[in-house]
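Each chain, letter by letter, is given below.
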Amino acid sequence: MKQSTFNKTDLSSSHIDRHRVVIVGGGFGGLCVAKELRRADVNVTLVDRTNHHLFQPLLYQVATGILSEGAIAAPIRDILQRQKNVQVLLGEVQDVDLKTRHITIDTIGFRSEIQYDSLIVAAGAKQSYFGHPEFAQYAPGMKTIDHALELRGRIFGAFEMAEREADPEARRRWLTFVVIGGGPTGVEVAGQLVELSHSIKRNYRNIDPSEARIIILDAGPEMLGSFPEVLRRRTESDLRELGIEIHLGTRVKSVDELGILTDSTDPNLQRIEAATKIWAAGVQASPLGRILAEKAGAELDRAGRVKVEPDCTLPSYPEVFVIGDLMSLQQLPQLAQVATQSGHHVAQTIIRRLAGDRKQRPFRYRDLGSMATISKFRAIGVIGKLQFSGFIAWVMWLVIHLARLAEFKNRLAVLFNWAISFFSNSRPHRVITSQQVFGRLALEAQPELAEVKSSPSSKANS
Ligand SMILES: Cc1cc2nc3c(=O)[nH]c(=O)nc-3n(C[C@H](O)[C@H](O)[C@H](O)COP(=O)(O)OP(=O)(O)OC[C@H]3O[C@@H](n4cnc5c(N)ncnc54)[C@H](O)[C@@H]3O)c2cc1C
């Protein structure tokens, strides 16, 4: 193991007396702060453990082969290259010292310290397995590019394995996909799995991918809890029409290589044989929240988010701000628009303070609405009192998402890929590599599968 080195990073060699703003996280919140400070007389250091800003709402399209990972993950350096007062550092923030005002970062074994005058913690959230982290290896979540590529490997790998499987029961298992979580992400990924299975129908000889069984499980009494009832009902009926099984009030008890155990009273659902499981059930705030809360004596909410003051500052530490998915304030949801609006508020607060105005102003959130796609040409949306569904909502979804991809230079490529997927029914990004799992876990659990030497006789030969 490489020995860690420890050095102090001097960030302000050219402007030693400038106010030092350190931002943790280059997601929606952190990036917004950095950009809004472009004309401010400050030195900004943005630290992220990845080199890219990720557009999480479209991760499911990477997992299902519509988009490439580059289409939704833009290099943070590239986005901020023209902004001379910003330095970008790759590294994981491991600790925050609120007394001496510095953070400690680790970049694959190399540790450094960075001093701040203002600190913005926008480290977001990670997948939550509700106290069962062991589920993660069998049911990857959908929070990072790694997750999306892992899922792509498992999804396309499952069809490959089904094609060479002679035993009908095992084949059925490869062709069963369980999505855990009936929120917007669960709905979107399930809808896409149906479309995917139809779009690759003619690629196989021994199986009919469109016979894939796609199941949504949710522990709650209804799906899409944040949407009005009319739209929830509409979505449920659209999903059932697509052939998706929906089982509400069904809690996952355990997950293994070959399936899922649930608490259902229906004997057919107590054990579901499925090689591919996708976790879309919840998120938990970044562990940095706990570190901050312990050091500041602040409270955390149930999702591990830091309860902040109305102006997004950490209690007793007005120079430290917590924003976006890591912030707990007035029960605001974990949404990109909350992250960007809180980022905007914080940047303006810093600018005002530098001008001598120290008045505390509460963060006011403006709800711009929410949307979810169900499948090609079908979506739902709420904007203020207006509700949309069907084709109109789907077109609105396309336009809004394309506009929100403003950070991404290849918006045209996204549009092109959407055109291929939606109008020619094909999937442009189906590459899976040996780094991706490809159903390896299911094979390990059933070694006799790996020992099968010959392929089953094909339909074409029989
Ligand atoms: C699958 C999915 C679909 C979604 N769909 C929608 C949608 O349709 N509409 C919507 O409004 N919202 C949606 N969201 C939610 C939205 O993406 C989040 O609310 C938003 O990303 C939060 O922004 P943030 O800046 O707080 O965190 P993030 O955007 O998650 O950014 C956090 C950043 O911090 C970095 N980081 C974390 N820990 C550390 C550390 N210790 N050190 C250094 N860097 C660190 C991460 O690498 C990341 O870049 C979706 C989320 C997911 C996962």
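All figures in this text were calculated on a predicted structure; none of them were measured in a lab. (Residues numbered from 1 in each chain as written. Predicted model: local features only at pLDDT ≥ 70, side-chain atom pairs only at ≥ 80, totals over all residues. Heavy atoms only, no water.)

S.K.: Explain the overall build of the protein chain residue by residue, including any values.
M.R.: Within the protein chain one finds 15 helices and 26 strands. For 462 residues, the compact-globule formula gives about 23 Å, and the C-alpha radius of gyration of the protein chain, at 24 Å, lands near that figure. With respect to the principal axes defined by its C-alpha atoms, the protein chain has extents near 80 × 55 × 45 Å. Counting every position in the protein chain, which comprises 462 residues, the buried fraction comes to 54%. Entry remark: accessible area of the protein chain is about 21500 Å², with carbon and sulfur atoms responsible for 51%. (Helix = DSSP H or I, 4+ residues; strand = E, 2+ residues; numbered from the N terminus. Rg over C-alpha atoms; globule rule 2.2 N^0.38 Å. Buried < 20%, exposed > 50% of the residue type's maximum accessible area, 1.4 Å probe, protein only. Areas by Shrake-Rupley, 256 points an atom, 1.4 Å probe, with all protein chains shown as cover.)

S.K.: Describe the site of the ligand, with residues and values.
M.R.: In the region of the ligand, 29 residues are neighbours, and Gly29, Asp48, Gln56, Val93 and Asp325 sit closest. In this structure, an oxygen atom belonging to the ligand sits 2.6 Å away from a side-chain N or O atom of Asp48. Alone, the ligand offers 1000 Å² of accessible surface; in the complex the protein occludes 90% of this. For the shell around the ligand, the secondary-structure elements that each account for two or more residues are α1 (28-36), β3 (42-48), β7 (92-97) and α11 (336-354). Broken down by element, the residue count for the shell around the ligand peaks at 3 residues, all from α11. Of the residues contributing to the shell around the ligand, the split by class is 11 nonpolar, 12 polar and 6 charged. (Near = heavy atom within 4 Å. Polar contact = N/O pair within 3.5 Å; in protein donor to acceptor, adjacent residues only side chain to side chain. Nonpolar A, V, L, I, M, F, W, Y, C, P; charged D, E, K, R; others polar.)

S.K.: Please give an account of unusual backbone geometry that cites residues and values.
M.R.: Look at Phe130: it is not a glycine, yet its phi comes out positive at around 50°. Among the secondary structure elements, Phe130 is positioned in the loop between β11 (125-127) and α5 (145-163). Looking at Phe130, the relative accessible area reads 55%, which means it is exposed. Phi is positive for Leu224, close to 45°, though the residue is something other than glycine. In this fold, Leu224 is placed in the loop between β13 (213-218) and α8 (229-241).

S.K.: Account for α11, naming residues and giving values.
M.R.: Given a rise of 1.5 Å per residue, 19 residues ought to cover 27 Å, and the 27 Å separating the end C-alpha atoms of α11 matches this to within 8%. Of the residues flanking the end of α11, it is Gly356, one or two places downstream, whose phi is positive at about 95°. (Expected span 1.5 Å × (residues − 1).)

S.K.: Which residues make up the side chain of His53, and what values go with them?
M.R.: Along the polypeptide, His53 turns up in strand β4 (residues 52-54). Residue class for His53 comes out buried when judged on its relative accessible area of 2%. Polar side-chain contacts of His53 include one of 2.9 Å to the backbone oxygen of Gly26.

S.K.: With reference to specific residues and values, describe the packing of aromatic side chains.
M.R.: Under the criterion given, the structure shown has 13 aromatic pairs. When the centroid spacing of 5.2 Å and the interplanar angle of 75° are considered together, the rings of Trp394 and Phe422 count as edge-to-face. Taken together, the residues Trp394 in helix α12 (residues 390-404) and Phe422 in helix α13 (residues 411-423) connect sequence positions 28 residues apart. The class for Trp394 is buried, based on a relative accessible area of 3%. (Phe/Tyr/Trp six-rings, centres within 6.5 Å; stacked < 30°, edge-to-face > 60°.)

S.K.: So what's going on with α5? Residues and values would help.
M.R.: An ideal rise of 1.5 Å per residue puts 27 Å on 19 residues; α5 measures up with 27 Å between its terminal C-alpha atoms. In terms of burial, α5 is a largely internal element, 16 of the 19 residues being buried.

S.K.: Lay out the environment of Arg18 in plain terms, naming residues and giving numbers.
M.R.: Tracing the chain through its elements places Arg18 in the loop between β1 (5-8) and β2 (19-24). Along the chain, Arg18 and Asn43 lie 25 residues apart, while their C-alpha atoms are 6.2 Å from each other. Look past the residues within four positions of Arg18 in its chain and what remains in contact with it is Asp41, Val42, Asn43, Asn85 and Asp117. A distance of 2.8 Å separates a polar atom in the side chain of Arg18 from a polar atom in the side chain of Asp41. Within the structure, Arg18 has its side chain in polar contact with the backbone oxygen of Val42 (distance 3.3 Å). (Contact = heavy atoms within 4.5 Å.)

S.K.: Let's hear about the pairing of strand β26 (residues 386-389): which residues, and what values?
M.R.: Taken together, the 4 bridges between strand β25 (residues 378-383) and β26 define a ladder with antiparallel strand orientation. Pairing of Gly381 across the sheet is with Phe388, part of β26. Between β25 and the antiparallel strand that follows it, β26, lie 2 residues; Gly384 among them carries a positive phi value of about 60°. (Pairing = 2+ DSSP bridges.)

S.K.: Any chance you could break down the pairing of strand β15 (residues 252-255) for me, citing the residues and the numbers?
M.R.: As defined by bridge partners, β15 adjoins strand β16 (residues 259-262) across 3 bridges and the pair is classed as antiparallel. Bridge assignment links Val252 to a residue of β16, and that residue is Thr262. Count of turn residues in the β15/β16 antiparallel hairpin: 3 residues.

S.K.: Tell me about the pattern of salt bridges, residues and numbers included.
M.R.: Taken as a whole, this structure holds 21 salt bridges when the rule is applied. Between Glu299 and Lys307 there is a salt bridge; the shortest N-O distance is 3.6 Å. Judged by its relative accessible area of 52%, Glu299 is exposed. One network of salt bridges, in which partners are shared, links Arg173, Asp256, Arg271 and Glu273. (Salt bridge = Lys/Arg side-chain N within 4 Å of Asp/Glu carboxyl O.)

S.K.: Account for the sheet that holds strand β21 (residues 313-314), with residues named and values stated.
M.R.: Strand order in the open sheet formed by 6 strands is β6-β3-β2-β10-β22-β21, with mixed pairing between adjacent strands. Across the chains shown, the open sheet's two edge strands, defined by having one partner strand only, are β6 (86-90) and β21. Pairing geometry for β21 and strand β22 (residues 317-322), over 2 bridges, is antiparallel. Bridging across to β22, Leu314 finds its partner in Tyr317. Across the sheet, α11 lies against β2, β3, β10 (118-121), β21 and β22, angled at about 155° from β22, the strand it touches most. (Axes fitted to C-alpha atoms, helices over the stretch in contact; angles between N-to-C directions.)

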